[in-house]
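Listed below are the residues making up each chain.
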Amino acid sequence: MQKVINCFKVLIAAIMGVALIFTIAAMSACSDDESELTSGEYIVDVSWTGGMNNYMTLVVNINAEDNTFNQYYTSSSTVSKGSGSISYSKGVYTMTYSDISVDGVNTTTFTFDSETSEITFTSALLWGSSSFDTSTTTSDGSFATYKAQPIVASGEYNVDLEWTGGMAAYVTAIVNIDMSSMSFNLYYQSSPDTSKGTGSVIYADGVYTMTYSEAVGEATTTTFTYDYTANTITFTSALLWGSSSFDSSTTTEDGSFATYTAAYITSAE
């Protein structure tokens with residue numbers, strides 16, 4: 001009798017083990033089939049083209065709820081450079097164009113990293129009558145991936161000056177970014193008509209570069225990254241301001257640059 005009970009226990013354990021395997025497999029399959037894509041405007045990194053990013057900003061606008069997309073330059077957002085639907089299967093997204101094809105191809109594939117909100121194109125992005133095909137840049141003719149990330153929002157950003165030792169108590173420094181013209185303007189919130197620096201903005205490999213129309217000493221640029229979820233800029237080199245610069249290297253023991261941020265605001269009040 002004890003032997004029968006033991007065999008019965010072994011049988012139950014085996015059945016439960018098989019059920020667990022099938023449950024894990026089913027959950028994995030469901031996970032693969034569940035899209036994590038986020039709606040929004042994504043700026044395409046075309047720095048590898050040899051400088052195209054210096055002149056224009058390419059945007060893929062995704063509606064994850066409707067599974068649709070539209071493409072345009074920020075400078076002319078009403079002129080579509082391609083639109084269509086998005087499908088998803090096992091970690092890969094496919095953009096199917098309804099209005100364009102290049103050499104008989106009307107699809108582009110990409111993956112999406114939900115932690116960084118980055119798109120990685122795994123085949124050429126079509127654009128009007130052309131395509132951004134990196135196979136022409138690789139020695140073996142294979143496709144080299146490139147990325148897109150949520151574009152920095154145009155508008156005013158309040159620079160965090162707390163680390164300066166009290167300057168924030170007296171002035172509010174504003175960085176005003178206009179990605180439609182790829183430009184910026186700096187001013188104090190109390191004197192918006194008095195510019196403390198202007199210039200252009202470009203994007204390459206996850207980093208934005210502000211190039212000033214007038215140098216401060218020998219410096220001509222400021223670099224920053226952008227956090228889409230927090231709507232916050234993080235300066236990775238000194239922000240130039242009039243004839244000076246907000247160089248946090250003077251606050252670190254080893255003389256290296258300590259990053260600081262600027263938070264998006266809806267308006268200067």
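These numbers come from a predicted model, not from an experiment. (Residues numbered from 1 in each chain as written. Predicted model: local features only at pLDDT ≥ 70, side-chain atom pairs only at ≥ 80, totals over all residues. Heavy atoms only, no water.)

Asks: Could you clarify how one ought to interpret a negative patch on the surface in this entry?
Replies: On the surface, E34, E36, D113 and E115 cluster together to form a negatively charged patch. Relative to the elements of secondary structure, E36 occurs in the loop between α1 (2–32) and β1 (40–44). (Patch = residues over 30% accessible without salt bridge, like charges linked within 9 Å, V, L, I, M, F, W, Y side chains within 5 Å. Areas by Shrake-Rupley, 256 points an atom, 1.4 Å probe, with all protein chains shown as cover. Salt bridge = Lys/Arg side-chain N within 4 Å of Asp/Glu carboxyl O. Lys, Arg positive; Asp, Glu negative; His and termini not counted. Charge placed at Lys NZ, Arg CZ, Asp CG, Glu CD. Helix = DSSP H or I, 4+ residues; strand = E, 2+ residues; numbered from the N terminus.)

Asks: Help me understand the sheet that holds strand β6 (residues 107–113) in this model?
Replies: Pairing between the strands of a sheet comes from backbone hydrogen bonds, and it takes one of two forms, parallel or antiparallel. Pairing in this closed barrel of eight strands is antiparallel, and the strands run β1-β2-β3-β4-β5-β6-β7-β10 around the ring. Going from strand to strand, the sheet's axes swing by 30° on average, the running direction of each strand aside. One ladder, built from three bridges, connects strand β3 (residues 68–73) with strand β4 (residues 83–89); its direction is antiparallel. Among the inter-strand pairings, F69 is bridged to a residue of β4, identified as G84. (Pairing = 2+ DSSP bridges. Axes fitted to C-alpha atoms, helices over the stretch in contact; angles between N-to-C directions.)

Asks: What's the story with the packing of aromatic side chains in this structure? I'm lost.
Replies: Note on aromatic pairs: each is described by the distance of the centres and the angle between the planes. One pass over the full model with this rule turns up 20 aromatic pairs. Between Y93 and F110, the ring centres sit 5.0 Å apart and the planes meet at 5°, which makes this aromatic pair stacked. Taken together, the residues Y93 in strand β5 (residues 92–97) and F110 in strand β6 connect sequence positions 17 residues apart. Comparing Y93 with F110, the two get one shared label, buried. A ring pair is formed by F184 and Y212, whose centres lie 5.1 Å apart and whose planes are at 80°; its orientation type is edge-to-face. (Phe/Tyr/Trp six-rings, centres within 6.5 Å; stacked < 30°, edge-to-face > 60°. Buried < 20%, exposed > 50% of the residue type's maximum accessible area, 1.4 Å probe, protein only.)

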